[in-house]
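# Observations on the model geometry
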Amino acid sequence: MKDDQLTPGRRVLLRAAAVLGLTATAGCVGTDRSAAPGPTATGGAPAAGPQAARALKPSAYRLQPIAGYGPQRAARALPRVRKAPILRIPGRDRSMVLTFDDGPDPRYTPHILRTLRRYDVRAMFFVCGEMAVDNKDLLREMADDGHLIGNHTWSHPLLPRLSRAAMRDQIERTCDVVEDATGDAPEWFRAPYGAWNRNAFQLGADLGMEPLAWTVDTLDWTEPGAGTIVRRVRAGAGPGVVVLSHDAGGDRSGSVTALREYLPELLDSGYRITVPSRPMV
């Protein structure tokens, strides 16, 4: 249809659409940026500070880094790749480390946290991602009380049987859960069953974690009873000792009861219950 064949009403609609199109185009690409000045450095270069944001396509938002208004945290230095896990904490003072694996478990972990809080001591919790993802409130409680949260993989597999990709998935997913709940990624890693290999050491270091094993195994996972657990801790106590216990993975009532007995005994004997610091020698 030629222009001279358009009805008067059709001509008015087309002219209005053309005007709207020109206005929209001018708004997108022809806006005078001097109308909304931002800070400018000497020489005309933009100065540091908030800049006018450009409109993004919806799919582009996920590609943009999230910038907060607080100070930027420095990148964490990666630990060296070890050939063996750390078994005890260096130093000559009477310091010991208590560690708990496989949780958090809402049936037992809160009791352990209350006992530690009662005596104002810090411990380490090596959590499994599949337990942690449904108990982030307990992760936050651990962090608020000053305990260290370590990575114990997602589902507690035997790592040497996994491919490197599967192993990384197990470790990385748990890091994500801990960081999402507490704001900080784990700095410590413990292989399930104490089964390490070169990939485990390399991947742990790549994700910023030191490998920590233990000196004294209470074998509480066999459910021997609180009395036996207490005797094993007493027998193994010493400077730099790392004690392994569990707060999940079975009936841990014996572990809960044993902690209430041996913790004040250790403190009365002059031991300082503490957590390790980074970097490690």
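Conventions used here
Within every chain, residues take consecutive numbers counted from 1 along the sequence as written. The predicted nature of this model means local features are confined to residues of pLDDT at least 70 and side-chain atom pairs, given and counted, to a pLDDT of 80 or more, with totals for whole chains, interfaces and linings taken over all residues. Processing note: side-chain calculations cover all non-hydrogen atoms of the structure and skip hydrogens and water entirely. Axes, fitted as lines to C-alpha atoms, cover a helix only where it is in contact. Angles between the N-to-C directions of the axes lie from 0 to 180 degrees. Put simply, DSSP H or I for four residues or longer makes a helix, DSSP E for two residues or longer makes a strand, and each gets a number counted from the N terminus. Orientation labels follow simple angle bins: below 35 degrees gives roughly parallel, above 145 gives roughly antiparallel, 65 to 115 gives roughly perpendicular, and whatever is left gives oblique. Whether two residues are in contact is decided by their heavy atoms: any pair within 4.5 Å suffices. Polar here means any residue outside two lists: the nonpolar Ala, Val, Leu, Ile, Met, Phe, Trp, Tyr, Cys and Pro, and the charged Asp, Glu, Lys and Arg; Gly therefore counts as polar. To define a nonpolar core, start from buried Ala, Val, Leu, Ile, Met, Phe, Trp, Tyr and Cys residues and group those joined through side-chain atoms within 4.5 Å. Burial status follows relative accessibility: with a 1.4 Å probe on protein chains alone, a residue under 20% of its type maximum counts as buried, one over 50% as exposed, and anything between as partly exposed. Two helices cross in a left-handed way if the nearer one is turned anticlockwise from the farther one by less than a right angle. They cross in a right-handed way if the turn is clockwise.

Here the focus is the packing of helix H2 (residues 109–118) against helix H8 (residues 253–268). For any two helices packed against each other, the geometry is given by the interaxial angle and the distance between the axes. Two numbers describe how H2 lies on H8: the axes approach to 9 Å, and their chain directions differ by 10°. With respect to H8, the axis of H2 lies roughly parallel. Residue-level inspection shows His111, Ile112, Thr115 and Leu116 of H2 in contact with H8, the latter providing Val256, Leu259, Arg260 and Leu263. In terms of residue class, the contact of H2 with H8 is made up of five nonpolar, two polar and one charged.

Take the nonpolar core next. Counting residues in hydrophobic clusters, the biggest one holds 35 residues, and the most contacted among them are Leu98, Phe125, Leu139 and Tyr262. Going through the elements one at a time, strand S1 (95–101), H2, strand S2 (124–127), helix H4 (136–144), helix H5 (164–182), helix H7 (226–236) and H8 are the ones with two or more residues in this core. In terms of residue count, H8 provides more of this core than any other element does, six residues in total. For phenylalanine 125, the residues in contact, after removing those within four places along its chain, are Phe100, Thr109, Ile112, Leu113, Leu116, Met142, His147, Leu148, Ile149, Gly150 and Asp247. Formed by twelve residues, the second largest nonpolar core is a distinct cluster that contains Phe189, Ala191, Trp196 and Phe201.

Interhelical geometry of H5 versus helix H6 (residues 198–206) gives an angle of 45° and a closest axis separation of 10 Å. The orientation of H5 relative to H6 falls into the category oblique. Between H5 and H6 lies a crossing of right-handed hand. Between H5 and H6, the contacting residues are Arg164, Met167, Arg168 and Ile171 on the first element and Asn199, Ala200, Gln202, Leu203 and Asp206 on the second.

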